Amino acid sequence: LKSEFSDVLRPDIVRFICGGYHPPNHVLASQILPRYMTIGWLYFTPMKKQSRPTIMRSVLWDMFSFNADDGNVMNIEPAALLLVKSIPKYPNVSAEILKLLTETSSFPFQNAA
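How each quantity is defined
Residues numbered from 1 in each chain as written. Predicted model: local features only at pLDDT ≥ 70, side-chain atom pairs only at ≥ 80, totals over all residues. Heavy atoms only, no water. Core = buried A, V, L, I, M, F, W, Y, C linked by side-chain atoms within 4.5 Å. Buried < 20%, exposed > 50% of the residue type's maximum accessible area, 1.4 Å probe, protein only. Helix = DSSP H or I, 4+ residues; strand = E, 2+ residues; numbered from the N terminus. Contact = heavy atoms within 4.5 Å.

A.B. asks: Would you explain the nonpolar core in this entry?
C.D. replies: Most often, soluble globular proteins keep nonpolar side chains buried together rather than apart. Core analysis: the largest hydrophobic core is formed by 18 residues, its most contacted members being Val-14, Ile-39, Met-56, Val-59, Leu-60, Leu-82 and Ile-97. Of all elements in the fold, only α1 (6-20), α3 (35-44), α4 (52-64), α5 (77-85) and α6 (91-104) reach the threshold of two or more residues within this core. Here Val-59 is in contact with Val-14, Cys-18, Ile-39, Ala-79 and Leu-82, once residues within four sequence places are set aside.

Okay, structure coming up:
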């Protein structure tokens, strides 16, 4: 992820972490790096700062399209934990999440039901 073209891959990697990989309980209880920390690392290490909003939108995508009836809470868990756990040490990350949430809250998202 150190090439000049890696910024294009970061949103896709984040989408896989949020929507494609749901660790089992024994992994969640272990000392393995949590998904939200991996996403935070991907957010802080892009080559271009212009890539950060795109990475954050990919984090929030599952939150926007979440359906409580048949959705999996593991899809929105990384975004929620990133928002809450970043406040003490990295308030700019939490501010970016809240900014994007308020900017996009006026868009009509419909769940496929």
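Picking up where we left off.
A.B. asks: Looking at this structure, I do not really get the side chain of Arg-10. What am I missing?
C.D. replies: With respect to the helices and strands, Arg-10 occurs in helix α1. When its relative accessible area of 1% is taken as the criterion, Arg-10 is described as buried.

A.B. asks: Where do I start with the environment of Val-14 in this structure?
C.D. replies: Considering the arrangement of structural elements, one finds Val-14 in helix α1. Given the relative accessible area of 0%, Val-14 is considered buried. Filtering out sequence-adjacent residues up to four positions away, Val-14 remains in contact with Ile-39, Leu-42, Ile-55, Ser-58 and Val-59.

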